[in-house]
Amino acid sequence: MTKKVLEPLSARELSLTDPDDSEIEKVKKYSIPGSTQGDLCVCSGTSTGETGDFLQMVFFKNVQGENQTIAVADVLQSPYFKSIGESLNAPVDWTHNAAIPAWHGPSGSEAWNTLRAVSVIYRNGSMGMEIILPHASDIASYKGLGVDSCTGGQKASPAAAVPKASSDDREPADRDGDWLLYRGLSVSGFGRGSRLVQHGLPLRARTLAFAAANVHWQRGQIRRTEISRAAGESVIATAPTCFFPGAPLSCLVLWQIGSTAVKSVIASECRQQPDIKHLLTNDEIYVQVNFDFNDFTSRTGSFDLWVKVID
């Protein structure tokens, strides 16, 4: 079946094998009574490129409904991705199993979904490793059938299941009264960043206070830029190459992903005047820097974060 492509394709292509356009695909149901969401059992495809290209990762965004519009920038901000890290001197086949939330229904009443995938491709340029834009992308609308397991003739293999996102769970290293200190949070990762946990469980609260400290990191492969404040640089990040368009480049970003994505900037570096954030109590809390995808190999350093639960 012919795929619907939203941008012209060249030698750099991203094609989807699964889910297949207009077909029924299996979605593993969540163990939540009444929930119509689950995990798409399999997402697979092939990426092609030119000699010297390097496929770093493929991002995915799935939304409810048929033939929905999904912008490239929205896909690149999704927490659902597969790290690949292979040369595109030859086509690369990839599979991402049971790791992308999708909607489902019973047989005969399957739920429509629209999925878009975006590849992140790099190659050596005059300034070192450089991102190639626009990203080759593909889109498919499919019907999700709810199943209890992705085994038994399903397309997905449970042994190859991939975690939903890369994250770095971080426990407090110290405390001062009601303040918890998360020390040495890395700026090097992709995806969600550092997940805040306490006593082995995700930190959850309705209202929290945040103040950064010891912000010291660098970005840039040839011309290095030093970042020494939570508010980042005096440049507004733009789509589609940045994690959080519209916010300062290199700032600290607090975010949650659940039924609603919550993102906000942490700029305070003073516990006497912290940033007060009102959060979703059911969703995990992550902290990330507002990185440019062009800096994927060059970000080094860390920052500390003071956190106080208010209620």
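Residues numbered from 1 in each chain as written. Predicted model: local features only at pLDDT ≥ 70, side-chain atom pairs only at ≥ 80, totals over all residues. Heavy atoms only, no water.

Overview of the pattern of salt bridges
The final tally for this structure, using the stated rule, is 11 salt bridges. Between arginine 195 and aspartate 169 there is a salt bridge; the shortest N-O distance is 2.8 Å. Taken together, the residues span a long stretch of sequence, with arginine 195 in strand 15 (residues 193–198) and aspartate 169 in strand 12 (residues 167–170) at a distance of 26 residues. Note on aspartate 169: relative accessible area 41%, which makes it partly exposed. (Salt bridge = Lys/Arg side-chain N within 4 Å of Asp/Glu carboxyl O. Helix = DSSP H or I, 4+ residues; strand = E, 2+ residues; numbered from the N terminus. Buried < 20%, exposed > 50% of the residue type's maximum accessible area, 1.4 Å probe, protein only.)

So, the environment of valine 92
Structurally, valine 92 is set in strand 7 (residues 92–97). Judged by relative accessible area, which is 4%, valine 92 ranks as buried. A sequence separation of 46 residues divides valine 92 from threonine 46, and the C-alpha atoms of the two residues are 5.6 Å apart. Among all residues touching valine 92, those that are not within four sequence positions of it are Gly45, Thr46, Ser47, Leu55, Ile84, Glu86 and Ser87. (Contact = heavy atoms within 4.5 Å.)

Observations regarding the sheet that holds strand 1 (residues 13–18)
Hydrogen bonds between backbone atoms are what pair the strands of a sheet, whose relative direction is either parallel or antiparallel. Ordered by their spatial adjacency, 3 strands build an open sheet running 1-4-7, and the pairing between neighbours is antiparallel. Both outer strands of the open sheet, strand 1 and strand 7, are each paired with one neighbouring strand and no more. Strand-to-strand twist of the sheet, defined as the mean angle between neighbouring strand axes without regard to direction, takes the value 25°. (Pairing = 2+ DSSP bridges. Axes fitted to C-alpha atoms, helices over the stretch in contact; angles between N-to-C directions.)

Things to note about the nonpolar core
One finds Leu196, Phe210 and Leu305 to be the most contacted residues of the largest nonpolar core, which totals 47 residues. The greatest single-element share of this core, amounting to 5 residues, is contributed by strand 17 (residues 207–219). Contact partners of leucine 196, with chain neighbours within four places excluded, come to Arg170, Tyr182, Pro202, Leu203, Phe210, Ile285, Val287, Leu305 and Val307. Counting residues in each nonpolar core, the second largest holds 21 residues, with Val27, Cys43, Leu88 and Ile132 among its members. (Core = buried A, V, L, I, M, F, W, Y, C linked by side-chain atoms within 4.5 Å.)

Structural notes on the state of the cysteines
Using the criterion set out here, one finds 1 disulfide in the structure. Bridging cysteine 41 to cysteine 150, the disulfide has an S-S length of 2.0 Å. Disulfide cysteine 41-cysteine 150: the torsion about the S-S bond is -85°, which places it as left-handed. Separated by 109 residues along the polypeptide, cysteine 41 in the loop between strand 3 (37–40) and strand 4 (42–48) and cysteine 150 in the loop between strand 11 (137–147) and strand 12 bring together distant segments of the chain. Unpaired in terms of disulfides, cysteine 242 finds its nearest cysteine sulfur in cysteine 251, a separation of 9.8 Å. (Disulfide = S-S within 2.5 Å.)

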